[in-house]
Amino acid sequence: MTRSAAALLGLLALGAAAQSGVAPGLQFRDVAERSGIRGATRCGGPAKTAVIEVNGTGACWLDYNGDGLLDLYVVNGSTLEALRREAPHPRDRHNYLYRNNGDGTFTEVAEQAGVAGYAWGTGCAAADYDNDGRADLFVSNVGDCFLFHNNGDGTFTDVAKQAGVAGGFNWHTGATFGDYDGDGWLDLYVAAYLDPAQMLERQKKCAWRGLEVYCGPPGMKGAPDVLYHSNRDGTFTDLTRQAGVEDRDRLFGFAASFEDFDNDGRIDIVVANDRGRNYLYHNAGGGRFEEIGEVAGIAYPTDGRAQANMGLALGDYDRNGTMDVLVTTFSDEVYTLYRNSGRGFVDVSIEAGLAATTLPFLGWGAFFADLDNDGRLDLFVANGHVYREVDRAPGFRERFAQRALLFRQGEAGRFLELGAAALAAVDRRSSRGAAYADFDNDGDLDILYTNLDAPPTLLENVTAPSRRWLTIRTVGTRSNRDGIGARIRSRCGDLVQYATVRSGESYLSGNDPRVHFGLGTCSRIDEIEVRWPSGAVDRSTDVEPDQFLTVVEGKGIVRAVKAASHAR
């Protein structure tokens, strides 16, 4: 039986289960409008006549002014006329920087801060790349990218060209920071999709389910990914070929992330490629990688067929100490959950209960996060189709605008989808990038996702606060200043959890830079262990939950702050 056939059988069972009236344990409300998150993200025109107009944009959470509140950066697109230089870039299509006011609202300050961009933006990754203690921002574009250096006074300066990471006229997509050679400085990997020159030409038409639509990427020329190595002086060198990560097949890269998948102390790179196999570059040490996606079992799902891989969710959902990967895909393809056994990856999409639900959807941004603080990672996926013509497609369950999927993890690694109930009041959009953060510092994780031709959706978590939690900010000394790549273990009796500090994942987006643990009923945490990229280890015992901790490499916990209190 194929994965799709098994998923269809599961779909019937799912419908029966849905009528049994399972009450969701997660509740969210859309607060974007009242919070001041109002800027629309637009790519091309409303008709969507080319692939560049439908891939959308991402968003990143960061604390750019160091006040302890997470701010939000949202990337915006442009027009085909501006890309072809037939018209200037529209002044109303700029990126947005929303400064967190600390009262549940945001103020848009992109112009004042110098990060409006005015380009065809795609994604972003936030990190302190020069170890000066301030969060900087890399923005991937169709064309030269931006590297916004944080000046420390509420403003940024674009130094991409001086730093050597502008990238030229390329369709840059997912970006991720990580210290792959352990020298204490962050390196940068930037995925790429298509040669953008093809978007300057008249677009061909193709047949899809009996409809005439624009042609997708098959048959087009792909664009090369790039690995930039930090020179430890604020500049970078392109070492793609020397490091062994040259994208020789020019696959259509969407999302990328650094992660140590085999727990050898060296971070690897995973790349989700549209209409092709996924890459897994294993870090062999000495500044070299080896592509092992097929051998490791993450290149293709069980049936061996290439999928339209879009977004990446990383996390140890089964709590075995190794990081698992979920890849979102096109409609009529199952979102694939690759469980990391420690010896490789296994496709467990059907066994985990994901196949039946995800089959009709077209997924983009995704993440694992403990949304109800019960000690088990849940799963969120933003969805939306790429063809407006799908609304006329006969016999198709979903439409151009699609609801998000919200899965709560139960026992034994199985996921139950609650979005239809928990997100019932949320407007359906054709959504793209997604990222979580505790933006109001109340101890539970909230959700942000971008939408085509509309403002983002900001979902405040209003689940009843009946469980314990802990959030950790890492500060490196020998390691990079953000502690990106640090592996954190939380142990409370039999509840042992692992998490990694990352920058750049989901789809063109970046999550809360802090690590969050849901703790269930845990009253005291036996031990918090932080393994830093330098190899150093810090341990703290008998830790009180329901706090925001700052852990400094070599010193352990230096600061503990109780959660803010907000009226529901």
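By convention here, each chain's residues receive numbers from 1 onward along its written sequence. Under the rules for a predicted model, residues below a pLDDT of 70 receive no local features and side-chain atom pairs below 80 are neither given nor counted, while totals for whole chains, interfaces and linings still include all residues. Side-chain figures throughout are based on the complete set of non-hydrogen atoms in the structure, without hydrogens or water.

Draft legend 1. Fine view of the pattern of salt bridges. Any Lys or Arg side-chain nitrogen found within 4 Å of a carboxyl oxygen on Asp or Glu counts as a salt bridge. In the structure shown here, the tally under the stated rule is 32 salt bridges. One salt bridge in this structure joins Asp-249 and Arg-277, with 2.9 Å as the shortest N-O distance. Here the residue Asp-249 occupies a position in the loop between α6 (240-243) and β16 (252-259), and Arg-277 occupies one in the loop between β17 (268-274) and β18 (279-285), the gap between them amounting to 28 residues. The partner of Arg-408 in a salt bridge is Asp-374, with the nearest N and O atoms 3.2 Å apart. Here the residue Arg-408 occupies a position in strand β26 (residues 405-409), and Asp-374 occupies one in the loop between β24 (363-369) and β25 (378-383), the gap between them amounting to 34 residues. Via salt bridges that share partners, Asp-372, Asp-374, Arg-376, Arg-408 and Arg-467 belong to a single interconnected network. The way it works is that DSSP assigns letters per residue, a run of H or I at least four long becomes a helix, a run of E at least two long becomes a strand, and they are numbered from the N terminus.

Draft legend 2. Seen up close, the environment of Tyr-507. Along the chain, the position of Tyr-507 falls in the loop between β33 (495-500) and β34 (515-520). Judged by its relative accessible area of 1%, Tyr-507 is buried. With 477 residues separating them along the chain, Tyr-507 and Asp-30 place their C-alpha atoms 21 Å apart. Whether two residues are in contact is decided by their heavy atoms: any pair within 4.5 Å suffices. Apart from the residues lying within four places of it in its own chain, the contact partners of Tyr-507 are Asn-55, Gly-58, Phe-254, Met-310, Gly-311, Trp-364, Gly-365, Arg-432, Gly-433 and Ala-434. Three exposure classes are used, based on accessible area relative to the maximum for each residue type with a 1.4 Å probe and protein chains only: buried under 20%, partly exposed in between, and exposed over 50%.

Draft legend 3. Structural detail: the pairing of strand β7 (residues 136-141). Burial of β7 is extensive: 6 of the 6 residues sit out of reach of the surface. The alternating pattern of β7 places Asp-136, Phe-138 and Ser-140 on one face and Leu-137, Val-139 and Asn-141 on the opposite face, and all of these are buried.

Draft legend 4. Broad picture of the nonpolar core. As used in this record, nonpolar core signifies buried Ala, Val, Leu, Ile, Met, Phe, Trp, Tyr and Cys residues forming a set joined through side-chain atoms within 4.5 Å. Residues Phe-138, Leu-147, Val-165 and Leu-188 are the most contacted members of the largest nonpolar core, which totals 39 residues. Either an automatic procedure or a domain database provided the assignment from which the domain bounds are taken. Counting contributing residues, this core receives three or more from each of domain 1 (28-468) and domain 2 (469-562). Non-local contacts of Phe-138, meaning those with residues more than four positions away in its chain, are made with Gly-123, Cys-124, Ala-125, Cys-145, Phe-146, Leu-147, Val-165, Ala-175, Phe-177, Leu-188 and Val-190. Listed in part, the 33 residues of the second largest apolar core include Leu-80, Tyr-193, Leu-194 and Phe-400.

Draft legend 5. Here's a closer look at the packing of aromatic side chains. Paired rings are identified among Phe, Tyr and Trp, the last through its six-membered ring, by centres lying within 6.5 Å, and are further divided according to the angle between planes into stacked (under 30 degrees), edge-to-face (over 60) and tilted (the rest). On inspection of all chains with the given rule, the structure shows 27 aromatic pairs. On the numbers, 4.4 Å between centres and 15 degrees between planes, the contact of Tyr-193 with Phe-254 is stacked. With Tyr-193 in the loop between β11 (187-192) and β12 (205-208) and Phe-254 in strand β16, this residue pair connects regions lying 61 residues apart in the sequence. Neither residue differs from the other here; Tyr-193 and Phe-254 are each classed as buried. The interplanar angle of 70 degrees and the centroid separation of 5.9 Å between the aromatic rings of Phe-254 and Trp-364 together place this pair among those described as edge-to-face. Taken together, the positions of Phe-254 in strand β16 and Trp-364 in strand β24 put the pair 110 residues apart, joining distant regions of the chain. Of the two residues, Phe-254 and Trp-364, neither departs from the other in class, the shared state being buried. Ring pairs connect the aromatic residues Trp-171, Tyr-193, Phe-252, Phe-254, Trp-364 and Tyr-507, which therefore count as one cluster. Two conditions define a charge sitting above a ring: the NZ of Lys or the CZ of Arg must be within 6 Å of the ring centre, and it must be within 35 degrees of the ring normal. Directly above the ring of Trp-208 sits Arg-209, whose terminal nitrogen or CZ lies 5.6 Å from the centroid.

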